Amino acid sequence: MAMARHPPKEGAKLASIVTFSPWTDLTNSGPSFHDSAIRDRVFTRDVIDSLARSYLDGHIPPDPDASPLFGIPEQLPPIYIQVGRDEILRDDSTRYACQAAALGAEVKLDIYGGMHHVFQRDVGVLDLPVLLSNVQPPL
């Protein structure tokens, strides 16, 4: 999603954005990040904080190139986001979707019940995820 801030070179066009469980806020300030009821099987708050420090390497977390939530461009292609209800980064998806839609982007956000971060990679071993909501932001 951060790539959307920087248009492709001449002649190329970003036709769409499809993303699973995006991490759009390296300040880790989303409500789901601080919700003690979240039971993400992949990430914990400590792990995410450590990954953010490592990735940022001294840069500031709200830098839009690191945290696209803080620099959503006004012109975006259609966006499709899938996220699990039970993942720590859930609200990174919902907040980005709402803000992008408020700027006029066509956004589809699917939230799946009982699913953890990037559950799609486990499709062969998981019970079929339940689509809780097919949201057309703003929520």
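Right above here is the structure, for reference.
*Asks:* Any chance you could explain the packing of aromatic side chains here in plain terms?
*Replies:* Given two aromatic rings, their pairing is described by the distance between the two centres and the angle made by the two planes. In total, this model carries 1 aromatic pair according to the counting rule given. Pairing tyrosine 112 with phenylalanine 119 gives two aromatic rings, centres 5.2 Å apart and planes at 55 degrees, and the pair type is tilted. Exposure remark for tyrosine 112: the relative accessible area of 12% places this residue in the buried category.

*Asks:* Please explain unusual backbone geometry as it appears in this structure.
*Replies:* Excluding glycine, a negative phi dihedral is what most residues carry, and trans is how most peptide bonds are arranged. One non-glycine residue with positive phi stands out, namely serine 21, at about 50 degrees. Overall, serine 21 belongs to the buried group, its relative accessible area being 3%.

*Asks:* Would you explain helix 2 (residues 90-102) in this entry?
*Replies:* For helix 2, which comprises 13 residues, the first-to-last C-alpha distance of 19 Å matches the rise-based estimate of 18 Å (1.5 Å per residue) to within 8%. The complete set of buried residues in helix 2 reads Arg90, Asp91, Asp92, Ser93, Thr94, Tyr96, Ala97, Ala100 and Ala101. Among the residues trailing helix 2, glycine 104 stands out with phi positive, at a value near 105 degrees.

*Asks:* What am I meant to see in the side chain of serine 21 here?
*Replies:* Examined against the element boundaries, serine 21 turns out to sit in the loop between strand 1 (17-20) and helix 1 (45-56). One polar contact links serine 21 to glutamate 87, side chain to side chain, over a distance of 2.8 Å. A polar contact of 3.1 Å, which involves the side chain of serine 21, links it to the backbone nitrogen of valine 118. Aside from chain neighbours lying at most four places away, what touches serine 21 is Gln82, Val83, Glu87, Leu89, Ser93, His117, Val118 and Gln120.

Calculation notes
Residues numbered from 1 in each chain as written. Predicted model: local features only at pLDDT ≥ 70, side-chain atom pairs only at ≥ 80, totals over all residues. Heavy atoms only, no water. Phe/Tyr/Trp six-rings, centres within 6.5 Å; stacked < 30°, edge-to-face > 60°. Buried < 20%, exposed > 50% of the residue type's maximum accessible area, 1.4 Å probe, protein only. Helix = DSSP H or I, 4+ residues; strand = E, 2+ residues; numbered from the N terminus. Expected span 1.5 Å × (residues − 1). Polar contact = N/O pair within 3.5 Å; in protein donor to acceptor, adjacent residues only side chain to side chain. Contact = heavy atoms within 4.5 Å.

Function cannot be inferred from these measures alone, as they are strictly geometric.
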